[in-house]
Amino acid sequence: MNVKPRVALIAHDNTKPDLIEWAGRHRAELKKFDIVSTGTTVALLSRSYPEFCLTAVRSGPLGGDQQVGAMIANGQLDMMIFFEDVMTTQPHDVDIKALWRLAVLYELPIASNRITADLLMANLDIAFTYKERYPHPEQKHVKYLRRSVEPSLE
């Protein structure tokens, strides 16, 4: 885990107000974290909560989701809260799916709405110590990593 836990806060356009309101309710806890956020979400968080320690990545459709995914794969995130707008088609839907896939693969604590985000915040001791209890995905997927990749002669 980082010296300060690093948390990704992400929201689609129609769910940004929910995330901003949620962050306000958890302001005291979130001030203790390094927060990574995408595009306009980071601008809204910065304006609403200037005391937050924020790092910006690109907007989701411009590669921000992939940047967050790389942080997950490199062990640089401790938790992700992503308020996804499931009622609106997203131009970068494949990137969103890839981001969720990496979060699940690497056993990252994730929340997709206010109630699951509240549950994570109420259980930070569990959320931030999961790496001590569960094997690294590469240990978990040894069979996959050691599979034969020799070309077939068919």
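The structure presented is a predicted model; accordingly, all values stated were derived computationally and were not measured. (Residues numbered from 1 in each chain as written. Predicted model: local features only at pLDDT ≥ 70, side-chain atom pairs only at ≥ 80, totals over all residues. Heavy atoms only, no water.)

Student: Which residues make up the UniProt feature "binding site: substrate" (unreviewed entry) in the chain, and what values do they have?
Tutor: According to UniProt, the feature "binding site: substrate" (unreviewed entry) maps to His 12, Lys 16, Thr 38, Gly 39, Thr 40, Thr 41, Ser 59, Gly 60 and His 92 in the numbering used here. When its relative accessible area of 9% is taken as the criterion, Lys 16 is described as buried. With sequence-adjacent residues up to four places away left out, Lys 16 is seen in contact with Ala 11, Thr 40, Thr 41 and Leu 44. One can find Gly 60 in the loop between strand 3 (53–57) and helix 4 (64–73). Sequence-distant contacts of Gly 60, defined by excluding residues within four places in its chain, comprise Thr 38, Asp 65, His 92 and Asp 95. (UniProt positions renumbered as here; feature names shortened; annotations may be inferred. Buried < 20%, exposed > 50% of the residue type's maximum accessible area, 1.4 Å probe, protein only. Contact = heavy atoms within 4.5 Å. Helix = DSSP H or I, 4+ residues; strand = E, 2+ residues; numbered from the N terminus.)

Student: Report on the packing of helix 4 against helix 5 (residues 93–105), specifying residues and quantitative values.
Tutor: Two numbers describe how helix 4 lies on helix 5: the axes approach to 9 Å, and their chain directions differ by 15°. For the element pair helix 4 / helix 5, the angle class is roughly parallel. Where helix 4 crosses over helix 5, the handedness of that crossing is left-handed. Two secondary-structure elements touch here, helix 4 through Asp 65, Gln 66, Val 68, Gly 69 and Ile 72 and helix 5 through Asp 95, Ile 96, Leu 99, Leu 102 and Ala 103. Its residues placed into classes, the contact of helix 4 with helix 5 shows 6 nonpolar, 2 polar and 2 charged. (Axes fitted to C-alpha atoms, helices over the stretch in contact; angles between N-to-C directions. Parallel < 35°, antiparallel > 145°, perpendicular 65-115°, else oblique. Left-handed = near helix turned anticlockwise from the far one by under 90°. Nonpolar A, V, L, I, M, F, W, Y, C, P; charged D, E, K, R; others polar.)

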